[in-house]
Every structure is written in structure tokens, then in C-alpha cells.
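Observations on the three-dimensional arrangement
One letter stands for each residue in the lines below.
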Amino acid sequence: MNSIQHQGIGMTSARTRERLIDRLREEGIASRQVLEAIRNTPRHIFVDEALASRAYENTALPIGHNQTISQPYIVARMTELLLERGPQETVLEIGTGSGYQTAILSRLVKRVYSVERIAPLQQQARRRFQELGLRNIRLRHSDGGMGLPEYAPFDGILVTAAPEGIPRVLVEQLRPGGVMVLPVGSRQEQALVRVTRTEGGYGKEILEPVIFVPLLGGVR
Ligand code: SAH
């Protein structure tokens, strides 16, 4: 891409990004911090060049390997739900995908750990973080169903692919009082759930219907 085209995208994206922020506000995203992180993070870097012109639409888009970059509303909503009870130092994300949600988190917490089972997606995400100068992210190519026991407990866990039930292994990697936000359900029917770890177990809030790719086992 030459510099003129590049500048073109830059200018368009500043304006269209602002429209996206307005739209997210209208849809009920109230956290200033989250809106600011979205304003400061170019989503077009996280999709294929052929889709860059659609990067600021409030929709999920394909990222290859049968996976999608989540809709901005969902990224904003999950981040808001995760951070609502106060600042968090360490967050584990399951399903790096494009890396967009990871990048948003990295602006809001001290350290983000993110796990992805598809190696090429993880490598692409790593290059994007370098390009943006985001240095507080640790990536791991592994099965997120196992969590990341060597770095547990986490203040927060965010899962961006849907398991059929709440994974106990992940709950156990939350510190007491820690929060996990995740989609739960089958391909046909899923809901966004917030789990709060307690001393003896966990509490759960069922929030709103969502559509995510399934959380699969194993690494590729
Ligand atoms: N947050 C991402 C969402 C990507 S879609 C984004 O906005 O781009 C969900 C991702 O979860 C996919 O990349 C998929 O490969 C990954 N995934 C699914 N099951 C997984 C598992 N068991 N372990 C790690 N990653 C998994």
C-alpha cells in the first residue's frame, strides 16, 4: 500500500471510528475508558486488507480458518462487564483470534495473557501488537480449555468462543472475587454470562443472547 492510500484510510478511519463510538454509546456502552480504548485502537489493522473498509461497521467479520473478529459492540460490552467492579491487573483471554479484543484489554489492564489454538492466527496477532507497540501482552499457542495454570490466579478471564457449560478449570484459575465473562451454550443458542468467583464456588449472572464460534478442544 502506498503512502497516499494509507493516509486515505487513516483519515477515513478517524471519522468512521468516531461514528462507531457514537453507535456504541447509543447501544448502551457507558464506560468512558472502554470507549476511549476503542477510539485509540485501529480495528482495520485486525482484518484482511480487503475488508479494511468495513472495519468500523458494528459487525463481526471473517478472519479466515472459519473464525470471526467479534462485533465491536460485543467487545465493548464484554470488556465493560469484566472491568465494571474496578481495575484489574491480570486478565486471561481465551481465543486471541484477530487480537482486537486483546489489544483493547491491553490498554485497560496491566497484563493480558491470551491463548489461541490456531497457530497462524496467533502469529498474525503477534505482528499486529508489535506494529501498535503493545508490550503487555503474552500469547500462548495452546488449548484454552486448560486455561494457563502457571500464571493463575487471574483477576479476570474473558472467553471469546462458546463452551457448552461453564468450564470449571477456568473458574478455578480466578482469584476469589475475580470475574469471568463468557458466552455459554450450543451453536443454536448462547447467552453472555458473568461468573464471579467466591471462596467456596461461584455466582453467575445470565445477561443477553449472543452468537460466538464454539470453543473447540486441542491445538492446530
Ligand atoms: N477475540 C477474537 C475472537 C475470535 S473468534 C477477535 O475479536 O478476533 C474465537 C477464537 O477462539 C478463534 O480464533 C478460535 O480459534 C479460538 N478458539 C476456539 N476454541 C479455542 C480453544 N479451545 N483454545 C484456544 N482458542 C480457541
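Parameters at a glance
Residues numbered from 1 in each chain as written. Predicted model: local features only at pLDDT ≥ 70, side-chain atom pairs only at ≥ 80, totals over all residues. Heavy atoms only, no water. Helix = DSSP H or I, 4+ residues; strand = E, 2+ residues; numbered from the N terminus. Rg over C-alpha atoms; globule rule 2.2 N^0.38 Å. Buried < 20%, exposed > 50% of the residue type's maximum accessible area, 1.4 Å probe, protein only. Areas by Shrake-Rupley, 256 points an atom, 1.4 Å probe, with all protein chains shown as cover. pLDDT = per-residue confidence, 0-100. Contact = heavy atoms within 4.5 Å. Salt bridge = Lys/Arg side-chain N within 4 Å of Asp/Glu carboxyl O.

1. Quick notes on the overall build of the protein chain
Tallying secondary structure elements over the protein chain gives 6 helices and 9 strands in all. For 220 residues, the compact-globule estimate of 2.2 N^0.38 gives 17 Å, and the C-alpha radius of gyration of the protein chain, at 17 Å, lies within 12% of that figure. When the backbone C-alpha atoms are referred to their principal axes, the protein chain occupies close to 60 × 40 × 35 Å. The burial tally for the protein chain puts 53% of its 220 residues in the buried class. Carbon and sulfur atoms make up 49% of the accessible area of the protein chain, which totals about 10,800 Å².

2. Observations regarding the confidence of the model for the protein chain
Residues at a pLDDT of 70 or more form 95% of the protein chain, whose mean pLDDT is 93. Long-range and interchain partners of residues 1-8, a stretch whose pLDDT sits below 50, account for 3 contacts in this model, where long-range means more than four residues apart.

3. Things to note about the pattern of salt bridges
When the charged atoms of two side chains with opposite charge come close together, those side chains can pair. All chains considered together, the criterion is met by 13 salt bridges. Linking Glu18 and Arg39 is a salt bridge whose minimum nitrogen-to-oxygen distance equals 3.0 Å. Taken as a pair, Glu18 in helix H1 (residues 3-26) and Arg39 in helix H2 (residues 32-39) lie far apart in primary sequence, 21 residues in all. Glu18 gets classed as partly exposed once you look at its relative accessible area, which sits at 31%. Take Arg39: its relative accessible area is 23%, and that puts it in the partly exposed class.

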